[in-house]
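Okay, here's what each chain looks like letter by letter:
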Amino acid sequence: SHPPIADLENTISKNSDVVSVMSPAGCSHVNGFKVDNWKQNLRLIYQCFVWSGSVETRKRKAKSCICHLCGAHLNRLHSCLHCVFFGCFSKKHIHEHAKNKRHNLAIDLLYGGIYCFVCQDYIYDKDMEQIAKEEQRKAWKLQGSHNISSCSSLFLPLSMFPVSSLPGLRGLINLGNTCFMNCIVQALTHTPLLRDFFLSDRHKCEMQSNSCLVCEMSQLFQEFYSGHRSPHIPFRLLHLVWTHARHLAGYEQQDAHEFLIAALDVLHRHCKDDNGKKANNPNHCSCIIDQIFTGGLQSDVTCQVCHGVSTTIDPFWDISLDLPGSSTPFWPLSPGSDGSVVNGDSHPSGATTLTDCLRRFTRPEHLGSSAKIKCSGCHSYQESTKQLTMKRLPIVACFHLKRFEHSAKLRRKITTYVSFPLELDMTPFMASSKESRMNGQYQQPVDSLNNENKYSLFAVVNHQGTLESGHYTTFIRQHKDQWFKCDDAIITKASIKDVLDSEGYLLFYHKQFLEYE
Amino acid sequence: MSKETQMRAAINQKLIEMGERERLKELLRAKLIECGWRDQLKALCKEVIKEKGLENVTVEDLVAGVTPKGRALVPDSVKKELLQRIRAFLAQQST
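- Looking at an unreviewed UniProt entry, one finds chain B named Transcription and mRNA export factor ENY2, with Sinocyclocheilus grahami as its source organism.
- Per its UniProt entry, chain B bears the Sequence similarities (unreviewed entry) comment "Belongs to the ENY2 family."

- By the naming in an unreviewed UniProt entry, chain A goes by Ubiquitin carboxyl-terminal hydrolase and is assigned to Sinocyclocheilus rhinocerous.
- Quoted verbatim from the Catalytic activity (unreviewed entry) field of the UniProt record, the comment on chain A reads "Thiol-dependent hydrolysis of ester, thioester, amide, peptide and isopeptide bonds formed by the C-terminal Gly of ubiquitin (a 76-residue protein attached to proteins as an intracellular targeting signal)."
- As recorded by UniProt, the Subcellular location (unreviewed entry) comment attached to chain A reads in full: "Nucleus".

1. Some remarks on the overall build of chain B
Step number 1: Across its full length, chain B holds five helices and zero strands.
Step number 2: Across the 95 residues in chain B, those meeting the buried criterion constitute 35%.

2. Observations regarding the interface of chain A and chain B
Step number 1: Listed as interface residues are 36 residues of chain A and, on the opposing side, 34 residues of chain B.
Step number 2: Counting each side, the surface lost to burial between chain A and chain B is near 3,000 Å², with a carbon and sulfur contribution of 53%.
Step number 3: The interface formed by chain A and chain B holds two salt bridges in total.
Step number 4: On the surface where chain A and chain B come into contact, there are six residue pairs in polar contact (both at pLDDT 80 or more).
Step number 5: Elements with a minimum of two residues in the side of chain A that touches chain B: helix 3 (55-64), strand 5 (121-123), helix 5 (126-143) and helix 7 (192-199) of chain A.
Step number 6: With five residues, helix 3 of chain A is the largest single contributor of residues to the side of chain A that touches chain B.
Step number 7: Here the residues of the side of chain A that touches chain B sort into 18 nonpolar, nine polar and nine charged.

3. Details of the pattern of salt bridges
Residues and elements named next belong to chain A.
Step number 1: Applying the stated criterion across every chain, the model contains 22 salt bridges over all chains.
Step number 2: Put simply, Arg236 and Glu216 hold a salt bridge, and the shortest N to O gap is 3.0 Å. With a gap of 20 residues between them, Arg236 in helix 9 (residues 235-244) and Glu216 in helix 8 (residues 213-224) connect regions that are remote in the sequence.
Step number 3: Taking relative accessible area as the criterion, Arg236 reaches 43% and is therefore assigned partly exposed.
Step number 4: Using a relative accessible area of 10% as the deciding quantity, one classes Glu216 as buried.
Step number 5: Glu405 serves as the salt-bridge partner of Arg412, at 3.6 Å between the closest nitrogen and oxygen.
Step number 6: Note on Arg412: relative accessible area 30%, which makes it partly exposed.
Step number 7: Salt bridges sharing common partners tie together Arg43, Glu134, Glu135 and Lys138.

4. Quick word on the pairing of strand 6 (residues 295-303) of chain A
For a regular strand, side-chain orientation follows a simple rule: the groups alternate between the two sheet faces.
All names here are of chain A.
Step number 1: Taking burial as the measure, the nine residues of strand 6 include nine buried ones, the bulk of the element.
Step number 2: Because side chains alternate across strand 6, one face comprises the buried residues Gly295, Leu297, Ser299, Val301 and Cys303, and the other comprises Gly296, Gln298, Asp300 and Thr302, equally buried.
Step number 3: As paired elements, strand 6 and strand 7 (residues 309-316) share eight bridges and run antiparallel to each other. Among the inter-strand pairings, Ser299 is bridged to a residue of strand 7, identified as Thr312.
Step number 4: The turn linking strand 6 back onto strand 7 is made up of five residues, and His307 within it adopts a positive phi angle of 60 degrees.
Step number 5: Direction of pairing for strand 6 relative to strand 13 (residues 384-392): antiparallel, over a ladder of eight bridges. If you follow Cys303 over to strand 13, its bridge partner there is Ser384.

5. Some thoughts on the packing of aromatic side chains
All names here are of chain A.
Step number 1: In this structure the tally under the stated criterion is 14 aromatic pairs over all chains.
Step number 2: Centre to centre, the rings of Tyr46 and Trp51 are 5.3 Å apart; their planes meet at 10 degrees, and the pair counts as stacked.
Step number 3: A ring pair is formed by Phe399 and Tyr509, whose centres lie 5.7 Å apart and whose planes are at 70 degrees; its orientation type is edge-to-face. Of the two residues, Phe399 is situated in strand 14 (residues 396-401) and Tyr509 in strand 23 (residues 506-511); the sequence distance between them amounts to 110 residues. Each member of the pair Phe399 and Tyr509 is classed as buried.
Step number 4: In this structure an aromatic cluster arises from ring pairing among Phe89, Tyr115, Phe117 and Tyr122.
Step number 5: Positioned over the ring face of Phe484 is Lys493, at 5.4 Å from the centre of the ring.

6. Observations concerning the confidence of the model for chain B
Step number 1: The pLDDT averaged across chain B works out to 87; a share of 98% of its residues lies at or above 70.
Step number 2: Reported confidences for the modelled complex are a pTM of 0.59 and an ipTM of 0.80.

7. Brief notes about the sheet that holds strand 6 of chain A
All names here are of chain A.
Step number 1: Ordered in space as 7-6-13-10, the four strands form an open sheet in which the pairing is antiparallel. Strand pairing shows two members of the sheet lacking a second neighbour, strand 7 and strand 10 (365-366), which therefore form its edges.
Step number 2: In the sheet, strand 10 pairs with strand 13 via two bridges, with the strands oriented antiparallel. Looking at strand 13, one finds that His366 is bridged to Thr385.

8. Section: unusual backbone geometry
All names here are of chain A.
Step number 1: One non-glycine residue with positive phi stands out, namely Arg76, at about 55 degrees.
Step number 2: Mapped onto the elements, Arg76 comes out in the loop between helix 3 and strand 1 (77-80).
Step number 3: Even without being glycine, His379 reaches a positive phi, approximately 55 degrees.
Step number 4: With respect to the helices and strands, His379 occurs in the loop between strand 11 (373-375) and strand 12 (380-382).
Step number 5: For His379, a relative accessible area of 62% puts it in the exposed group.

9. Let's talk about the nonpolar core
Residues and elements named next belong to chain A.
Step number 1: Ile184, Leu194, Ile289, Phe293, Tyr472 and Phe508 are the most contacted members of the largest nonpolar core, which totals 64 residues.
Step number 2: The residues touching Tyr472, leaving out its near neighbours within four places in the chain, are Cys179, Phe180, Cys183, Gln253, Gln254, Asp255, Ala256, Phe404, Val461, Asn462, His463 and Tyr505.
Step number 3: With 31 residues, the next largest nonpolar core counts Phe316, Ile319, Phe399 and Leu401 among its residues.

10. With respect to the packing of helix 8 of chain A against helix 9 of chain A
Residues and elements named next belong to chain A.
Step number 1: Orientation of helix 8 relative to helix 9, taken along the N-to-C sense of each, is 160 degrees, at an axis distance of 10 Å. By the criterion of interaxial angle, the relationship of helix 8 to helix 9 is roughly antiparallel. With respect to the hand of their crossing, helix 8 and helix 9 are arranged in left-handed fashion. Facing Leu213, Glu216, Met217, Gln219 and Leu220 of helix 8, the residues of helix 9 in contact are Arg236, Leu237 and Leu240.
Step number 2: Among the residues forming the contact of helix 8 with helix 9, the class breakdown is five nonpolar, one polar and two charged.

11. Side note on the environment of Phe221 of chain A
Residues and elements named next belong to chain A.
Step number 1: As for its placement among the helices and strands, Phe221 is situated in helix 8.
Step number 2: Take Phe221: its relative accessible area is 0%, and that puts it in the buried class.
Step number 3: As a C-alpha pair, Phe221 and Leu199 span 22 residues in sequence and 6.9 Å in three-dimensional space.
Step number 4: Each residue touching Phe221, except ones within four places of it in the same chain, is listed here: Leu188, Thr189, Leu194, Arg195, Phe198 and Leu199.

What counts and what doesn't
- Residues numbered from 1 in each chain as written.
- Chains lettered and ligands numbered in written order.
- Predicted model: local features only at pLDDT ≥ 70, side-chain atom pairs only at ≥ 80, totals over all residues.
- Heavy atoms only, no water.
- UniProt positions renumbered as here; feature names shortened; annotations may be inferred.
- Helix = DSSP H or I, 4+ residues; strand = E, 2+ residues; numbered from the N terminus.
- Buried < 20%, exposed > 50% of the residue type's maximum accessible area, 1.4 Å probe, protein only.
- Contact = heavy atoms within 4.5 Å.
- Buried area = accessible area lost by both parts, 1.4 Å probe.
- Salt bridge = Lys/Arg side-chain N within 4 Å of Asp/Glu carboxyl O.
- Polar contact = N/O pair within 3.5 Å; in protein donor to acceptor, adjacent residues only side chain to side chain.
- Nonpolar A, V, L, I, M, F, W, Y, C, P; charged D, E, K, R; others polar.
- Pairing = 2+ DSSP bridges.
- Phe/Tyr/Trp six-rings, centres within 6.5 Å; stacked < 30°, edge-to-face > 60°.
- Lys NZ or Arg CZ within 6 Å of the ring centre and 35° of its normal.
- pLDDT = per-residue confidence, 0-100.
- Core = buried A, V, L, I, M, F, W, Y, C linked by side-chain atoms within 4.5 Å.
- Axes fitted to C-alpha atoms, helices over the stretch in contact; angles between N-to-C directions.
- Parallel < 35°, antiparallel > 145°, perpendicular 65-115°, else oblique.
- Left-handed = near helix turned anticlockwise from the far one by under 90°.

Next up, the structure:
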């Protein structure tokens, strides 16, 4: 049921957590400083000693930023705003200078804050804050792209956190069949690297209008991790999605997978490449979406006559897997063939597993005599086989189980149970593994030291019901072993068994180990 | 200045010059958020504010009230990783 607009506004005023924006608190003691060419002088100080973007300023900062009294570079170094003097804050050297010279203002070289010795506190003058923001941005741009941090373990045990504070858990109000959006938002807000990116304020917006989806996502993350417990109302997000992805507009139920791809696409387009280049080149984009979600799928077409191989690599954000029971042929695979040994599939009663689906996805396929490909070696059309493998794995791998069939004959939902693991090793499905198999090398030992291809499940989106009327929910993982079920506004604790027994529609896996680039 | 202090200053200079210090800061920031340290510090700050009163509290009160415990709460794994990174960087510079 869709709430009429009047009701919506009522709901908003009752449920919203109003965050009052505090205007910066300045002080009158800056007036003595704000004379002549003060803006330019302040900018110079930021550029040279606080946020040094260029090589020369960095060199100068390295050499000159030491305390004039004791020579130390630590101890919260501050610079006097009235003259060239650097002094430790912790050791009160800058305080001495302020008293002796009656220079009341100083700037923190670590974070750029302005300290007033009369007020004895940091002050936030509107004009100075503006300059600080602009200089930080400039230096940021000069620094170039920032690489993903390396982490050896992304999911830490719950015991580290006091139970009273579990930030990041928040329900989402359903605005009228919008569970398809809510379920994806829950998955995204619990993607560790994406969360780190937004909570560290890494998005610097270049868009002129208010319709930047990345900014809205940033806001959303702030809301989720604000500590507020009441459900959030994502009406701005919904409106932006309708604006940028017209095919998803309207109050009908949409496909969560379609929403995921559309959302990633818009976010990718709205993220500027950190080096200032156009963000829209799929091969060279370094926006956060591409860094996290984009993998490379290799397609090898082998001519059956000359055995020449033609290879292409295409980027992907998700892997869509056919299921048994669909109208596409799903042949049972012989036991023990690639994949089952590594991932230890031991499901009783022969239920289909995720690795079964992946094996099918990566098996060589005869294209048949009606689909001959022009072979550049034979210079004629020949029968060929095609095989897909993973060339480059994304940090977050999303598997889409194709449960909704929209063929010419029928529209139905395939409810076949597919079992999926908590931990997944993608090694058998890699292009490199295929090559070593073809060269006659033995399959990688199960406990190989190669951790690069190991993944952990962190979110599962489920669909209950039929094609015509259904409902989406998400299981998300917090810390190492805590799972929660997100059902629109209702968040409940879930067991690992609940998660693994669920039908599964979208499965989100995160690389366990990241390399530092 | 002692030899150790001199060495520290020299290393610091190199880190700043090569922009590595900024990168390390970013890395540290992300890791401290990831492991929940920032949330713990937020809670500590709230306590200080409650104690001193919202109208009277200064940045100095917060720094003094939170720094010792905050330093102790940094996980060993994070410290270890940063140290490793710095070592690797220095090794790179000497070749």
